[in-house]
Amino acid sequence: MALDLNNVSQQYFDVLKEIGNIGAGNATTALAQMLGQKVDMKVPQVKLLDFKEVGSIMGGEEQIMAGIYLLVEGDITGSIMFLLQEEAAHIFVNQMMGGMGSGNLEGGFDEMELSALKEIGNIITGAYLNSLSMLTNLKIYPSVPDLSIDMAGAILSVPAIEFGEVGDKMLLIQTQFTDEKEIDGFFILVPDLESYDKIMHSLGLA
Amino acid sequence: MSEIIKVGMADLKVCSAPDGLTTLGLGSCVGIAMRDPVKGIGGLAHIMLPDSTIIKDNSNRFKFADTGIDDLISQLLALGANRARLESKIAGGAQMFAFTAKSSSIQVGARNVEAVKAKLAALRIPLLAEDTGQNFGRTVVYYPENGSFLIRAVGKDSYTI
């Protein structure tokens, strides 16, 4: 069975939702430890979107986002991206740096803040990949993460192009972290074709 | 009252002056603006991938440089543009993430730009200006009336090519 995102099965949705649930749960725990305070999350939503709709879900194509992107190797290959709106990224970074940062809620990030943001992305995507690895019993090794702060459309073009090679839709997991205010985080997992088969197979679904 | 028409990802639109066309947040994708300067008829395509012939599911023609440009031209001609007068400008094809990975999809921005240029050259459509590559996203607005191609990026003043 090849990955056909235009006719993606309910089963695959459920699998992703479950991975998203556990992954986001682990990510929330890791985040709370790192920030030294309680963080809650809501049940993640899995969405299959047309390319044209993707930007609007994040507040428009021109919404400035922080995107952390890394490649995945091992038993499965592909890439994973985690996105946060700029303001949410500032909130996390300010908390992590405990008042040592600029305290800005908008505008650019300085060197220290960028590195903190990369670490946050690393921990969150790491928690997510760990869940996937544990559920499937597959070895997954993430690359060093890379960060881009730019328009949502531009950042999303990277996974969209990867999805574009197999279809016209993109799978997205939306997680809401609730702190003092609600913070939306978005995961995009792009397994290549063989990896999709491996994931389903290892779960006894293929 | 003129209108600015929005073009999505893997999409294309054509219009007549004084209307304009825009596409928001181009990353590794390429925006191809084309017009007949005499008639003031123009179009904008937002392509994602270089080559339709190597992809199995290539039914969405607007997604690819080759078929996207073919369709852009046929839609311009259908609106009354003269094929011999067509001229173009392009933007986008950034590399949004710096790491150089072995995966060729990472350099897809550069490959998109290359494919678009090759296609335009093969069709003998002059490329008047470009703002491509580097590592930032671009929003573009195209005015077929005078051919100006406005580019906006985060943290930069907007400029016209």
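Sequence order sets the numbering: in each chain, residues are counted from 1 along the sequence as written. Naming scheme: in the order in which they are written, chains are lettered from A and ligands are numbered from 1. Per-residue local features of the predicted model are confined to residues with pLDDT of at least 70, and side-chain atom pairs are confined, for both listing and counting, to 80 or more; whole-chain, interface and lining totals are unaffected and use all residues.

Trainee: Would you mind showing me how to read the overall build of chain B here?
Mentor: Under the DSSP-based scheme used, a helix requires at least four consecutive residues in state H or I and a strand at least two consecutive residues in state E, with every element numbered from the N terminus. Secondary structure assignment for chain B yields 2 helices and 10 strands. The secondary structure elements of chain B, listed N-terminal to C-terminal, are β-β-β-β-β-α-β-α-β-β-β-β. We compute the radius of gyration from the C-alpha atoms alone; for a globule the expected value is 2.2 Å times N to the 0.38, where N is the number of residues. The globule rule puts the C-alpha radius of gyration for 161 residues at 15 Å, and the 15 Å found for chain B is close to it. By its C-alpha atoms, chain B is 45 × 40 × 25 Å across when sized along the principal axes. The burial label depends on the number of other C-beta atoms within 10 Å of a residue's C-beta. Counts of 20 or more mean buried, 12 or fewer mean exposed, and intermediate counts mean partly exposed, with C-beta atoms placed from the backbone. Here chain B holds 161 residues, and the buried ones make up 49% of them.

Trainee: Any chance you could explain the interface of chain B and chain A here in plain terms?
Mentor: Accessible area lost during the coming together of the parts is what is often quoted as the interface size. Placing C-beta atoms from the backbone, we regard two residues as in contact once those atoms come within 7 Å. Taken residue by residue, the interface counts 30 residues in chain B and 27 residues in chain A. Ranked by residues supplied to the side of chain B that touches chain A, first place goes to strand β3 (residues 20-26) of chain B with 3 residues. Classification used: nonpolar for Ala, Val, Leu, Ile, Met, Phe, Trp, Tyr, Cys and Pro, charged for Asp, Glu, Lys and Arg, polar for all others including Gly. Classifying every residue of the side of chain B that touches chain A by side-chain character gives 17 nonpolar, 10 polar and 3 charged.

Trainee: Can you help me understand the sheet that holds β3(B) in this one?
Mentor: Each strand in a sheet pairs with another by means of backbone hydrogen bonds, the pair being arranged parallel or else antiparallel. Two strands make a pair as long as DSSP finds a minimum of two bridges between them. If you trace the 5 strands from one edge of the open sheet to the other, you get β1-β3-β8-β9-β10 (chain B), paired in mixed fashion. Since the sheet does not close on itself, it has two edges, and those belong to β1 (4-6) and β10 (159-160) of chain B, each with one partner.

Trainee: Looking at this model, I keep getting lost on the packing of helix α1 (residues 10-35) of chain A against helix α4 (residues 111-136) of chain A. Mind explaining?
Mentor: Two packed helices can be described by the angle between their axes and the distance between those axes. All names here are of chain A. Axis lines are fitted through C-alpha atoms, for helices just across the contact stretch, and the angle between N-to-C directions can take any value from 0 to 180 degrees. One can describe the packing of α1 onto α4 by two numbers: an axis separation of 8 Å at closest approach and a directional angle of 140°. The angle between α1 and α4 places the two elements in the oblique class. By crossing handedness, the relation of α1 to α4 is classed as right-handed. Residue-level inspection shows Ile19, Ile22, Gly23, Asn26, Ala27, Ala30, Leu31 and Met34 of α1 in contact with α4, the latter providing Ile123, Ile124, Ala127, Tyr128, Asn130, Ser131, Leu132 and Leu135. When grouped by side-chain class, the residues that make up the contact of α1 with α4 number 12 nonpolar, 4 polar and no charged. Roughly parallel covers angles under 35 degrees, roughly antiparallel covers those over 145, roughly perpendicular covers 65 to 115, and oblique covers all other angles. Definitions for this section: a left-handed crossing has its near helix turned counterclockwise from the far helix by less than a right angle. A right-handed crossing has that turn clockwise.

Trainee: Looking at this model, I keep getting lost on the sheet that holds strand β2 (residues 11-16) of chain B. Mind explaining?
Mentor: Residue and element names in this part refer to chain B. Taken in spatial order, the 5 strands of this open sheet run β2-β5-β4-β6-β7, and their pairing is mixed. Each edge of the open sheet is held by one strand with a lone partner, namely β2 and β7 (127-132). The sheet shows a mean angle of 10° between the axes of neighbouring strands, direction not considered. Two strands pair when backbone bridges link them, and strand β6 (residues 87-92) and β7 are joined in this way by 5 bridges, in the parallel orientation. Bridge pairing in β7 places Ile90 opposite Glu130.

Trainee: In this structure, what is going on with unusual backbone geometry? I would like to understand it.
Mentor: Excluding glycine, most residues fall at negative phi; most peptide bonds, likewise, are trans. The step from B:Ala17 to B:Pro18 runs through a cis peptide bond, and the omega angle for that step is 10°. Looking at where B:Pro18 falls in the secondary structure, it is placed in the loop between β2 and β3. In this structure, A:Asn137 takes a positive phi of about 65° despite not being glycine. Structurally, A:Asn137 is set in the loop between α4 and β5 (140-142). Judged by the 9 C-beta atoms lying within 10 Å of it, A:Asn137 falls in the exposed class. With a phi close to 60°, B:Gln134 is a non-glycine residue in the positive phi region. Here B:Gln134 lies in the loop between β7 and β8 (138-143). The exposure class of B:Gln134 is exposed, given the 12 C-beta atoms found within 10 Å.

Trainee: What's the story with the packing of helix α3 (residues 86-97) of chain A against α4(A) in this structure? I'm lost.
Mentor: Residues and elements named next belong to chain A. Packing of α3 against α4 brings their axes to within 9 Å, and their N-to-C directions diverge by 100°. Put simply, α3 runs roughly perpendicular to α4. Of the residues in α4, those touching α3 at Ala89, Phe92, Val93, Met96 and Met97 are Glu113, Ala116, Leu117 and Ile120. In terms of residue class, the contact of α3 with α4 is made up of 8 nonpolar, no polar and 1 charged.

Trainee: What's the story with α4(A) in this structure? I'm lost.
Mentor: The periodicity of an α-helix, 3.6 residues per turn, causes residues three or four places apart in sequence to face the same way. Residues and elements named next belong to chain A. Along its 26 residues, α4 runs 37 Å from first to last C-alpha, staying within 8% of the 38 Å computed at 1.5 Å per residue. All of the buried residues along α4 are Glu113, Ala116, Leu117, Ile120, Gly121, Ile124, Thr125, Tyr128, Leu129, Ser131, Leu132 and Thr136. After α4 finishes, the residue Asn137 shows a positive phi value of roughly 65°. A helix is expected to reach a length of 1.5 Å times the quantity of its residues less one.

Trainee: Any chance you could explain the nonpolar core here in plain terms?
Mentor: Across soluble globular proteins, you tend to see nonpolar side chains buried next to one another. A set of buried residues qualifies as a nonpolar core if it consists of Ala, Val, Leu, Ile, Met, Phe, Trp, Tyr and Cys joined through C-beta atoms within 7 Å. Within the largest apolar cluster, 105 residues are counted, with the highest numbers of intra-cluster contacts made by A:Ala66, A:Leu83, A:Ala160, B:Ile32 and B:Ile47. Those residues in contact with B:Ile32 that lie beyond four places of it in its chain are B:Ala45, B:Ile47, B:Ile69, B:Leu72, B:Ser88, B:Ile90 and B:Val116.

Trainee: Honestly, α1(A) in this entry has me stumped. Any pointers?
Mentor: All names here are of chain A. For α1, with 26 residues, the first-to-last C-alpha span of 36 Å sits near the 38 Å given by 1.5 Å per residue. Here α1 has its buried residues at Leu16, Ile19, Gly20, Gly23, Ala24, Ala27, Thr28 and Leu31. Where α1 is buried, its residues touch β1 (40-41), β2 (45-50), α4, β7 (169-178) and β8 (182-191). After α1 finishes, the residue Gly36 shows a positive phi value of roughly 65°.

Trainee: How should I be thinking about the pairing of β6(B) in this particular structure?
Mentor: The side chains of a regular strand alternate between both faces of the sheet. All names here are of chain B. For β6, the tally of buried residues reaches 5 of 6 residues, placing the bulk of the element in the interior. In the sheet, strand β4 (residues 30-36) pairs with β6 via 6 bridges, with the strands oriented antiparallel. In the strand pairing of β6, Arg35 is matched with Glu87.

Trainee: Looking at this model, I keep getting lost on the pairing of β3(B). Mind explaining?
Mentor: Residue and element names in this part refer to chain B. Of all 7 residues in β3, 5 are buried; the element is thus mostly enclosed. The pairing of β1 with β3 spans 3 bridges and is classified as parallel. Paired with Ile5 across the strands is Leu21, a residue of β3. Pairing analysis gives 4 bridges linking β3 to β8, with the strands arranged antiparallel. Paired with Leu26 across the strands is Arg138, a residue of β8.

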